[in-house]
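If you want the building blocks of each chain, they are given just below.
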Amino acid sequence: MKPNDIARVQDYLRRTFANNSLTVVAPPKRGGPVEVMVGDEFIGVLHRDDDEGEVSYSLVMTILDIDLPPAAPVPGKTK
């Protein structure tokens with residue numbers, strides 16, 4: 001992914017999520033994954049797809065179970 005692509009997607013993500021600590025990090029080696037970070041926390045990988053001249057980007061975000069809060073009881077359900 002080119003530096004201009006990274007800057008444009010980073011700007012879009014910052015505006016969309018209202019979070020200026022979100023950064024899109026170019027890989028240290030050409031062809032490596034482009035990482036998306038919030039502060040110093042890795043949140044996902046960004047991919048660029050060029051299909052017959054139409055360019056799109058996808059963000060794959062993985063959420064670990066251990067990072068989630070405990071499940072709250074569902075209102076109105078009884079055991």
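Values in this document were obtained by computation on a predicted structure and should not be read as measured data. The residue count restarts for each chain, going from 1 along the sequence in the order it is written. The predicted origin of the model limits local features to residues at a pLDDT of at least 70 and limits the giving and counting of side-chain atom pairs to 80 or more, whereas totals for whole chains, interfaces and linings rest on all residues. Side-chain metrics in this entry use all non-hydrogen atoms of the structure; hydrogen atoms and water are not considered.

(A) Structural detail: the overall build of the chain. Runs of H or I in DSSP of at least four residues are treated as helices and runs of E of at least two as strands, each being numbered from the N terminus. For the chain, the helix and strand inventory stands at 1 helix and 4 strands. Taken from the N to the C terminus, the helices and strands of the chain come in the order α-β-β-β-β. Relative to the 2.2 N^0.38 estimate, which gives 12 Å for 79 residues, the radius of gyration of the chain is 17 Å and therefore markedly larger than a compact globule would have. Considering only C-alpha atoms, the chain reaches an extent of 55 × 30 × 25 Å along its principal axes. Per-residue burial for the chain yields a buried fraction of 16% across its 79 residues. The contact rule is simple, with two residues in contact once any of their heavy atoms fall within 4.5 Å. Residue pairs in contact within the chain that sit at least 24 positions apart in sequence constitute 14% of those at least 6 positions apart. Just so you have it, the chain exposes about 6,700 Å², and 54% of that area is on carbon and sulfur atoms. For the chain, the distance from the average site of its 9 positive side-chain charges to the average site of its 12 negative ones is 2 Å. In this description the radius of gyration comes from C-alpha coordinates, and the expected globular size is given by 2.2 Å times residues to the power 0.38. Burial classes follow relative accessibility: with a 1.4 Å probe on protein chains only, a residue under 20% of its type's maximum area counts as buried, one over 50% as exposed, and anything between as partly exposed. Here, Shrake-Rupley sampling with a 1.4 Å probe gives the accessible areas, and only protein chains in the shown set may cover a residue. Neither His nor the chain ends is counted toward charge; the positive residues are Lys and Arg and the negative residues Asp and Glu. Charge positions are represented by NZ for Lys, CZ for Arg, CG for Asp and CD for Glu.

(B) Quick look at the side chain of Gln-10. Tracing the sequence through the fold places Gln-10 in helix H1 (residues 3–17). In this structure the side chain of Gln-10 is engaged in a polar contact, spanning 2.9 Å, whose partner is the backbone nitrogen of Val-24. Filtering out sequence-adjacent residues up to four positions away, Gln-10 remains in contact with Leu-22, Thr-23 and Val-24. Any pair of N or O atoms that falls within 3.5 Å is considered a polar contact. Within protein, one atom must be able to donate a hydrogen and the other to accept it, and sequence-neighbouring residues count only if both atoms are side-chain atoms.

(C) Examining the side chain of Asp-5 more closely. Locating Asp-5 in the fold gives a position in helix H1. Residue classification places Asp-5 among the buried positions, given a relative accessible area of 9%. Within the structure, the side chain of Asp-5 is placed 3.1 Å from the side chain of Tyr-57, a separation counted as a polar contact. The residues contacting Asp-5, other than those within four sequence positions of it, are Arg-48 and Tyr-57.

(D) A look at the sheet that holds strand E1 (residues 22–25). A sheet is described by the order of its strands in space; here 4 strands give the open sequence E1-E2-E3-E4, paired in antiparallel fashion. Only two strands of the sheet have a single neighbouring strand rather than two, namely E1 and strand E4 (54–61). Adjacent strand axes in the sheet meet at a mean angle of 25 degrees, parallel and antiparallel pairs treated alike. At least two bridges found by DSSP between two strands are what make those strands a pair. One ladder, built from 5 bridges, connects strand E2 (residues 34–38) with strand E3 (residues 41–51); its direction is antiparallel. In this analysis, axes come from line fits to C-alpha atoms, helices being fitted only over the stretch in contact, and the angle between any two N-to-C directions falls in the range 0 to 180 degrees.

(E) Spatial organisation of a negative patch on the surface. Patches draw on residues past 30% relative accessible area with no salt bridge. Two like charges within 9 Å are joined, as are two nonpolar side chains (Val, Leu, Ile, Met, Phe, Trp, Tyr) within 5 Å. Any Lys or Arg side-chain nitrogen located within 4 Å of an Asp or Glu carboxyl oxygen qualifies as a salt bridge. A cluster of acidic residues, Asp-40, Glu-41, Asp-65 and Asp-67, forms a negative patch on the protein surface. Within the secondary structure, Asp-67 sits in the segment after E4. On the basis of relative accessible area, Asp-67 is assigned to the exposed category, the value being 51%.

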